[in-house]
Amino acid sequence: DQQVKQNSPSLSVQEGRISILNCDYTNSMFDYFLWYKKYPAEGPTFLISISSIKDKNEDGRFTVFLNKSAKHLSLHIVPSQPGDSAVYFCAASGGGGSNYKLTFGKGTLLTVNP
Amino acid sequence: DGGITQSPKYLFRKEGQNVTLSCEQNLNHDAMYWYRQDPGQGLRLIYYSQIVNDFQKGDIAEGYSVSREKKESFPLTVTSAQKNPTAFYLCASSSGRANQPQHFGDGTRLSIL
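Being a predicted model, the structure only gives us computed values, none of them experimental. (Residues numbered from 1 in each chain as written. Chains lettered and ligands numbered in written order. Predicted model: local features only at pLDDT ≥ 70, side-chain atom pairs only at ≥ 80, totals over all residues. Heavy atoms only, no water.)

Engineer: Got a sec to walk through the overall build of chain B? Specific residues and values, please.
Structural biologist: Within chain B, the secondary structure is distributed over 0 helices and 11 strands. Here the C-alpha atoms of chain B give a radius of gyration of 13 Å, agreeing with the 13 Å that 2.2 N^0.38 yields for 113 residues. Counting every position in chain B, which comprises 113 residues, the buried fraction comes to 49%. The contacts in chain B between residues at least 6 apart in sequence include a share of 53% that link residues at least 24 apart. Treating the 12 positive side-chain charges of chain B as one cloud and the 11 negative ones as another, the clouds have centres 5 Å apart. (Helix = DSSP H or I, 4+ residues; strand = E, 2+ residues; numbered from the N terminus. Rg over C-alpha atoms; globule rule 2.2 N^0.38 Å. Buried < 20%, exposed > 50% of the residue type's maximum accessible area, 1.4 Å probe, protein only. Contact = heavy atoms within 4.5 Å. Lys, Arg positive; Asp, Glu negative; His and termini not counted. Charge placed at Lys NZ, Arg CZ, Asp CG, Glu CD.)

Engineer: For the state of the cysteines, give the residues involved together with the corresponding values.
Structural biologist: All names here are of chain A. Within this structure, the stated rule accounts for 2 disulfides over all chains. Between the sulfur of Cys23 and that of Cys90 lies a disulfide, 2.0 Å long from S to S. Linking Cys23 and Cys90, the disulfide has an S-S dihedral of approximately -75° and is accordingly described as left-handed. You can see Cys23 sitting in strand β3 (residues 19–25) and its partner Cys90 sitting in strand β9 (residues 86–94), a full 67 residues away along the chain. (Disulfide = S-S within 2.5 Å.)

Engineer: Explain the pairing of strand β2 (residues 10–13) of chain B residue by residue, including any values.
Structural biologist: Residues and elements named next belong to chain B. The side-chain alternation of β2 yields one buried face, formed by Leu11 and Arg13, and one unburied face, formed by Tyr10 and Phe12. In terms of strand pairing, β2 meets strand β11 (residues 108–112) through 4 bridges, oriented parallel. By the bridge assignment, Phe12 is partnered in β11 with Ser111. (Pairing = 2+ DSSP bridges.)

Engineer: Give a detailed account of the nonpolar core, specifying residues and quantitative values.
Structural biologist: Residues and elements named next belong to chain A. Of all hydrophobic cores here, the largest spans 23 residues; its most connected members are Phe33, Trp35, Leu73, Leu75 and Tyr88. Of all the secondary-structure elements, those providing two or more residues to this core are β3, β4 (30–38), β5 (45–51), β7 (62–67), β8 (72–77), β9 and β11 (108–113). Looking at this core, the element that brings in the most residues is β9, giving 4 residues. Setting aside chain neighbours within four positions, we find Leu75 in contact with Ser19, Ile20, Leu21, Trp35, Leu47, Ile48, Phe62, Thr63 and Tyr88. (Core = buried A, V, L, I, M, F, W, Y, C linked by side-chain atoms within 4.5 Å.)

Engineer: I'd like a description of the side chain of Arg36 of chain B, backed by residues and values.
Structural biologist: Residues and elements named next belong to chain B. Considering the arrangement of structural elements, one finds Arg36 in strand β4 (residues 31–37). By relative accessible area, Arg36 is classed as buried at 4%. Within the structure, the side chain of Arg36 is placed 2.6 Å from the backbone oxygen of Asn84, a separation counted as a polar contact. (Polar contact = N/O pair within 3.5 Å; in protein donor to acceptor, adjacent residues only side chain to side chain.)

Engineer: Hey, could you go over the interface of chain B and chain A for me, with residue numbers and the actual values?
Structural biologist: Between chain B and chain A, the residue contacts involve 24 residues of the former and 20 residues of the latter. Note on chain B versus chain A: buried area summed over both sides is about 1,800 Å², and carbon and sulfur give 58% of it. Taken together, the connections running from chain B to chain A amount to 0 salt bridges. Taken together, chain B and chain A are joined by 4 residue pairs in polar contact (both at pLDDT 80 or more). At the level of secondary structure, the elements contributing two or more residues to the side of chain B that touches chain A comprise β4, β5 (43–51), β9 (87–94) and β10 (103–104) of chain B. Examining the composition of the side of chain B that touches chain A, we find that 4 residues originate from one element, β5 of chain B, more than from any other. For the side of chain B that touches chain A, the residue count by class is 10 nonpolar, 11 polar and 3 charged. (Buried area = accessible area lost by both parts, 1.4 Å probe. Salt bridge = Lys/Arg side-chain N within 4 Å of Asp/Glu carboxyl O. Nonpolar A, V, L, I, M, F, W, Y, C, P; charged D, E, K, R; others polar.)

Engineer: Talk me through the sheet that holds strand β3 (residues 19–25) of chain B; I want residue IDs and the actual numbers.
Structural biologist: Residue and element names in this part refer to chain B. The strand order β1-β3-β8-β7 describes an open sheet built from 4 strands, whose pairing is antiparallel. Across the chains shown, the open sheet's two edge strands, defined by having one partner strand only, are β1 (4–7) and β7 (64–66). Direction aside, neighbouring strands of the sheet carry axes that sit 20° apart on average. Bridging between β7 and strand β8 (residues 76–78) involves 3 bridges; their strand directions are antiparallel. Bridge pairing links Tyr64 to Val78 in β8. (Axes fitted to C-alpha atoms, helices over the stretch in contact; angles between N-to-C directions.)

Engineer: Could you give an account of the environment of Lys56 of chain A, naming the residues involved and the relevant values?
Structural biologist: Residue and element names in this part refer to chain A. Secondary-structure assignment places Lys56 in strand β6 (residues 56–59). Looking at Lys56, the relative accessible area reads 41%, which means it is partly exposed. Lys56 sits 23 residues away from Phe33 along the chain, and the two C-alpha atoms are 11 Å apart. For Lys56, the residues in contact, after removing those within four places along its chain, are Ile50, Thr63, Val64 and Phe65.

Structure (structure tokens):
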């Protein structure tokens, strides 16, 4: 039972354009959502997060949008740069308790072409 | 520099052997986590610890064991009972408070000889 889904295994965009990565979740108890970036043979790097009381959070070129009614979030990268090429993981936590475990999607490989 | 250190980066195990992966953090974080990543898969939680001398099983704990004797350290032992141990193992830590991200080490790749 996959509670966090990233339905696009890969995405290719041109440098300078917008990259939009999508994520859907099924557990309505999730209340904190994160995006991580990962290069091969390295650990994930935290990018940006959003709590369920907001619908948008920005940090430089990165913006995360949350649509609670649709149980959907997206990461926008504008403008995209070749160094953004990596696997992006969506993650969520919540659902009761205080352990703040993260549930991860399977990731989307973003390729930004020069 | 504060961070999470995993060692070794590459580890080889013979059939029937137990191996221990090291994870140390100097972020003064209360919570620590172990994940496993397989090709084309997301990260799956093996064990986590919210405080010293306490830990809980994650989603795929069978064949693994952990200890949390010190706040800074959370070693993972992959036992011979783990039938498919070849994977990329990631350790993470967080403050343990709500709405705080986990921060990851650079991982250990375990392979079976």
